[in-house]
Amino acid sequence: MATGTERPQLNTGVHDTTRAAITARHLRTDRWWLAPAATAAGLLAFVIYSTWRAFGNAHYYAAPYVSPFYSPCLAENCEPMKGGPNLEIFGSWWGLSPALIILIFPLGFRMTCYYYRKAYYRGFWASPPACAVAEPHKKYSGETRFPLILQNIHRYFFYAAVPVAVILTYDTVLAFRNSDYEWGHMGLGTIIMVVNIVLIWAYTLSCHSCRHVIGGKLKHFSKHPVRYRLWGWVGKLNHRHMQLAWASLISVALADFYVYLLASGVFDDPRLF
Amino acid sequence: MSASTTPTQSTPPSSASSTPSPATSTTSTPATSYEAKFKVWRGDAEGGELKDFAVEVNEGEVVLDIIHRLQATQASDLAVRWNCKAGKCGSCSAEINGRPRLLCMTRMSTFTREETITVTPLRAFPIVRDLVTNVSFNYQKAREVPAFVPPPGVAAGEYRMQQVDVERSQEFRKCIECFLCQDTCHVVRDHEENKTSFAGPRFLMRVAELDMHPLDAAEETGLDRKETAQDEHGLGYCNITKCCTEVCPEGIKITDNALIPLKERVADKKYDPLVWLGNKIRRRTTG
Amino acid sequence: MTQLEREQWDVVVVGAGGAGLRAAIEARERGARTAVICKSLFGKAHTVMAEGGIAASMGNVNSGDNWQVHFRDTMRGGKFLNQWRMAELHAQEAPDRVWELETWGALFDRTADGKISQRNFGGHEYPRLAHVGDRTGLELIRTLQQKIVALQQEDFREFGDYEARLKVFQECTVTSVLKEGERVSGTFCYERESGRFFVLEAPAVVLATGGIGKSFKVTSNSWEYTGDGHALALLAGAPLLNMEFVQFHPTGMVWPPSVKGILVTESVRGDGGVLRNSEGKRFMFDYVPDVFKEKYAESEEEGDRWYEDPDNNRRPPELLPRDEVARAINSEVKAGRGSPHGGVFLDVSTRMPPEVIQRRLPSMYHQFKELADVDITAEAMEVGPTCHYVMGGIAVDSDTAATPGVPGLYAAGEVAGGMHGSNRLGGNSLSDLLVFGRRAGLHAAEYAAGLTERPALDEGQIDAAATEALRPFGAEESADGGPPENPYSVHQELQQTMNDLVGIIRREGEMEQALEKLGELRGRAARAGVEGHRQFNPGWHLAIDLRNMLLVSECIALSALERTESRGGHTREDLPGMVLDWRRVNLHCRLNDSARDPAADPALGRITLSRKTTEPIRPDLLDLFDKEELVKYLAEEELHE
């Protein structure tokens, strides 16, 4: 990324010669490193887990549940899922895990998300590590240049995230079947899928780009009462964007892991009815 | 009742009356006072250091009270900026235990009695003396943001705006210009050289405020506040790490309500071909 | 000493609050090169503390409002002592001043039809206060500040220099108005940051320095309110008017000590808050004066019904005028029925559910939560009277804001006297700033433009001002007895003296005592010494400001002793009634000879008092009132004139 990792020089930033001569990089006495460390650890754990699962190309379907990592499944090498999200757009030439095709979109959505940006700029790039803690970089150009200027395409990932969420909703509906594809049944997996899709939608709709598109771009709310009301609702969700980002990240991993456990035969889905 | 006392320095803080009631004088004796350890940065552009002080603290006091006590008893020339002492003017900005804060809004009760409290000047601006810094950067940036453009042909008294349309800008106008956000923002705090090209959260928020003002006519005069936000005020430097929001004593959601919406508006103008095309077509058809 | 930096300007405005900035904008727009000089940073003035709103009879909420009604309310509030022409101009021009703020970018709260919303306030017959939540003062300051920046941007486009025609000297103090003969020739100033002296050469000076609250121990005012403008005017030879009228707001915070004096807004009581003493009694029912008996509830039940049904019930006595409530609280505390920290209890927690309190009084909820760690939804607030505003001030011409006898010297805002008579209505201060700030700027600019030559600077005055300002550094060498004094101690004693002896309730003997004490403090202030150097040295700044506070305090004590009646912000325990004959009497304070003689005995007073009879109120303005009302205020012979 655009920020390097040079050692701090004594005459820059808080050590600039015009500023109060204080040698410490920061004087914070609280555990300021905890939040970025926890963030980095959490994100790293997810990256490792999802990489393993995405490249795994196995154990992603256990009727009637499909892992959200593999939905929609866009290649011919996908497992057939009855009534499920098999959309063989990519044909047979695709030999890798079909998850890699679709994961680009949610991954891009989250990578360019305003919350995740904060999280990884702080957690991974220490830019800044925490408020009023000097960052270890000599130069900083933020999101003014390539590649970080590409963060501005966040809205396109939002547009893409909506149909993905629609398909995952469809998957959730399919989860109200039993393993023989008979309707009107529920298992533990159904509950997990429902929780996951609710969180996915909440996270998607709480996105800052969504808030902008739905009404934030307007100059006169009074002339668009419906969009104003929607903007208000999205705003309420948006307050919780960080919490929703983590909750949906965890839920999507859990949903996938649950399917993995079922598909690999660790245990059977406890059926409710 | 009328026997009045000549005031002396030893009188405990009394009420508005001339003779404190017995109840007053007994309960206001500072039974809960203690001696706190302070480190206060003293110095000027030539250099300086953290000086140790032991100073009395009474119940209910804030850090600014302690600084004032230091002035009155131990260091009469200790420089500090302050004014209203009620969190409304934004003068007494400093850093307490390394965090940008208002001295008047930091209660002593938030620290333990054993803790050493470190008070330094703002570390993003040039030092003047002790706790006072040169904040002219902010006034320079304020001048670089083009002012409100009144709508042509609308006389004073004829302005009509709906409450829902002014509320977003009103939130930003709660700003007391304490410049804590400007101080904490790593873009300039950690990179002096960015000061020329970056207006800082407070003044990017000012751009957002004007862009959301229901009657601002900048666009009619050919001034596109979205374009200039990116090109002249350095919005792109912001990496939305939210320290400005964290330090804002007014609780303004600077990042979520001003900077990110402004980034989205910039994206409309500069990075979204669809919106750009749509506007082009609409302008052609309506124009 | 004489090689000081000098700059030439047409108009110098001292003070960057609402009045100062409005004056500067007007002067600059009239073509005068204008300098603004202020003690704090630009935009930090005490005006930001104003919460309620700006009174202007725009009639947006009730179309029955007009300037005549506003004029009437203002005169009643001031007990007819107001300089009536000021009250007239103020009522007439306030709406235009508010509307023009919108063209500079101000965003007031709105009515349903998109106009500026207006709220009710004590003493105003109709909803009249334009407001932005409870931060109207901040909006006012920020709007004026941004207008100044807009003008500077114009100049930048034209001349390539932001400060070509309008410059703000922030964190600078004026210690002397310089004169050539009778006329103003400039100001002597120092920069707080560096301690450097400089001179602004200008034929017109507008004083807009605000009030005097820092002479009192318990005050809602900030450190800047040291009566600088009052003292500068006195020293320049202009008189101060009716300085005995000091408004004590009944509800200031009393605990913790760090926030003692900070205002608790009137709307707490307006929304249902009640005052109780330590016995839990709503004592205000015992303090309704006879003249108000018919208008206020006699029982708690009736008072409580008023909030819901104001048409069929009388209002609770907690909503009596500020002076009445302040006196009642004072009496309760004195009788030993006060709260633990010397106030009384103001309670909303038992009156409204927590969520209603948080919705209606958000800033008070936060103020107590953050400053006092008190949750007002769960426990009562402790409140007591706090010094809030001075109605008295520099005597000015109503139309031009010019001071009599000193050509080129103008005053506007709180520092100017007359407008509010003996008591100010809430909301009238912000409109006062705008109306008379503009007039001062206008006439100062016209005066400067009308001169054929600039008054010359007098080097002797500059040297004397520099010597005076540097005196605290050489205090230990002074031979006139006693060790150097700590300026902070002198200040604390001054505040205690004024608070205790010339405070909210006054007695002849105490005020005499105060004058004596002021003499002693004058002597000690002359010996006030400071250590360190001139760079941003607060001890030094205070030592310089002491002169101003002592002069102003003497004016207040002398005038209060002289006025043998109780009226508005002046309450004499020994003389409780209003005396009609006093209505026509203005008290003028001027500097006397001992003030001009550095060697004079400190014990000798510096101020001479004189009585002036006011101009009769114009008949068409008198006609706005009922005869029955006028007889309560006007002496017999005035009615027949």
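Procedures and definitions
Residues numbered from 1 in each chain as written. Chains lettered and ligands numbered in written order. Predicted model: local features only at pLDDT ≥ 70, side-chain atom pairs only at ≥ 80, totals over all residues. UniProt positions renumbered as here; feature names shortened; annotations may be inferred. Helix = DSSP H or I, 4+ residues; strand = E, 2+ residues; numbered from the N terminus. Buried ≥ 20, exposed ≤ 12 C-beta atoms within 10 Å, placed from the backbone. Contact = placed C-beta atoms within 7 Å. Pairing = 2+ DSSP bridges. Axes fitted to C-alpha atoms, helices over the stretch in contact; angles between N-to-C directions. Domains from an automatic or database assignment. Nonpolar A, V, L, I, M, F, W, Y, C, P; charged D, E, K, R; others polar. Parallel < 35°, antiparallel > 145°, perpendicular 65-115°, else oblique. Left-handed = near helix turned anticlockwise from the far one by under 90°.

- The name that an unreviewed UniProt entry assigns to chain B is Fumarate reductase iron-sulfur subunit, with the source organism given as Streptomyces camponoticapitis.
- The UniProt entry for chain B carries this comment under Sequence similarities (unreviewed entry): "Belongs to the succinate dehydrogenase/fumarate reductase iron-sulfur protein family."
- What UniProt states about chain B under its Pathway (unreviewed entry) heading is, verbatim, "Carbohydrate metabolism; tricarboxylic acid cycle."

- Per an unreviewed UniProt entry, chain A goes by the name Integral membrane protein and belongs to Streptomyces camponoticapitis.

Some remarks on the overall build of chain B
In step 1: Of regular secondary structure, chain B possesses eleven helices and seven strands.
In step 2: Across the 287 residues in chain B, those meeting the buried criterion constitute 57%.
In step 3: Partitioning the intrachain contacts of chain B with sequence separation of at least 6 by distance along the chain shows that 60% fall at a separation of at least 24.

Remarks on the overall build of chain A
In step 1: When helices and strands are tallied, chain A shows eight helices and two strands.
In step 2: Going from N to C terminus, chain A has its helices and strands arranged as α-β-β-α-α-α-α-α-α-α.
In step 3: Seen through its principal axes, chain A has C-alpha atoms that stretch 75 × 50 × 40 Å.
In step 4: For chain A, the residues scored as buried account for 41% of the 273 residues in total.
In step 5: Pairs at least 24 residues apart make up 71% of the contacts formed inside chain A by residues separated by at least 6 positions.

Here's the deal with the sheet that holds strand β13 (residues 246-253) of chain C
Residue and element names in this part refer to chain C.
In step 1: Pairing is antiparallel in the open sheet, where four strands are placed in the order β13-β16-β15-β14. A strand with exactly one partner marks an edge of an open sheet, and here the two such strands are β13 and β14 (274-276). Looking at each pair of strands side by side, their axes are set apart by 45 degrees on average, direction ignored.
In step 2: The pairing of strand β15 (residues 344-347) with strand β16 (residues 381-390) spans three bridges and is antiparallel. Looking at the pairing, F345 lines up with E382 of β16.

A closer look at the domain arrangement of chain B
All names here are of chain B.
In step 1: Looking at the assigned domains, one finds that chain B contains domain 1 (34-133) and domain 2 (136-286).
In step 2: Each of domain 1 and domain 2 has a C-alpha centre, and these two points are 32 Å apart.
In step 3: Contact residues are listed per partner, giving twelve residues for domain 1 and 13 residues for domain 2.
In step 4: Along the lines of polarity and charge, the residues of the side of domain 1 that touches domain 2 split into seven nonpolar, three polar and two charged.

Some points on the interface of chain A and chain B
In step 1: Facing the 43 residues of chain A at the interface are 48 residues of chain B.
In step 2: At the level of elements, α3 (114-123), α6 (208-216) and α7 (225-239) of chain A are the ones that each hand at least two residues to the side of chain A that touches chain B.
In step 3: Broken down by element, the side of chain A that touches chain B gets its largest block of residues, five residues, from α3 of chain A.
In step 4: Of the residues that constitute the side of chain A that touches chain B, the class distribution is 16 nonpolar, 16 polar and eleven charged.

Some details on the pairing of strand β10 (residues 197-201) of chain C
Residue and element names in this part refer to chain C.
In step 1: Where strand β1 (residues 5-8) and β10 come together, four bridges link them in parallel fashion. Paired with R6 across the bridge in β10 is V199.
In step 2: Between strand β9 (residues 183-191) and β10, which pair antiparallel in sequence order, lie five residues; one of them, G195, sits at a positive phi of approximately 80 degrees.

As for the interface of chain C and chain B
In step 1: Contacts between the two partners involve 77 residues from chain C, matched on the other side by 73 residues from chain B.
In step 2: For the side of chain C that touches chain B, the element with the highest residue contribution is helix α13 (residues 487-501) of chain C, accounting for nine residues.

Details of the arrangement of the chains
In step 1: Among the two pairs of chains that make contact, the interface with the largest number of contacts is formed by chains B and C.
In step 2: The least C-alpha distance between chain A and chain C, which are not in contact, is 10 Å.

A closer look at the sheet that holds strand β19 (residues 585-591) of chain C
In step 1: Pairing is antiparallel across the open sheet formed by four strands, whose spatial order is β17-β12-β19-β20 (chain C). Strands with a single pairing partner mark the edges of an open sheet, and in this sheet they are β17 (393-394) and β20 (607-613) of chain C.

Observations regarding the pairing of strand β7 (residues 166-170) of chain C
All names here are of chain C.
In step 1: Of all five residues in β7, five are buried; the element is thus mostly enclosed.
In step 2: Side chains L166, V168 and Q170 of β7 all project onto a buried face; the interleaved residues K167 and F169 project onto the opposite face, where all are buried too.
In step 3: Bridge analysis of strand β3 (residues 34-38) against β7 gives five bridges, and the strand direction is parallel. Residue pairing in the sheet places A35 in a bridge with K167 of β7.

Some words on the packing of helix α2 (residues 99-111) of chain A against helix α4 (residues 154-174) of chain A
Residue and element names in this part refer to chain A.
In step 1: At a minimum axis distance of 9 Å, the contact between α2 and α4 shows a crossing angle of 130 degrees. With respect to each other, α2 and α4 are oriented oblique. As for how α2 packs across α4, the hand of that crossing is left-handed. Residues F105, P106, G108 and F109 of α2 form the contact with α4, whose own contacting residues are F157, F158, A160, A161 and V164.

Regarding the environment of L129 of chain C
In step 1: The residue L129 of chain C is located in strand β6 (residues 129-130) in this model.
In step 2: If sequence neighbours within four positions are ignored, L129 of chain C has contacts with G52, G53, I54, A55, Q118, R119, F121 and G427 of chain C.

Focus on unusual backbone geometry
Trans is the prevailing form of peptide bonds, just as negative phi is the prevailing case for residues other than glycine.
In step 1: In this structure, the amide linkage connecting A63 of chain A to the following residue, P64 of chain A, adopts the cis form with an omega of 5 degrees.
In step 2: Checked against the element boundaries, P64 of chain A lands in the loop between β1 (61-62) and β2 (65-66).
In step 3: W255 of chain C connects to P256 of chain C through a cis peptide bond whose omega is -5 degrees.
In step 4: Along the polypeptide, P256 of chain C turns up in the loop between β13 and α6 (267-270).
In step 5: Positioned with a positive phi, N57 of chain A is a non-glycine residue whose angle comes to about 55 degrees.
In step 6: Residue position: N57 of chain A is located in the loop between α1 (34-56) and β1.
In step 7: Even without glycine at this site, F179 of chain B takes up a positive phi of about 65 degrees.

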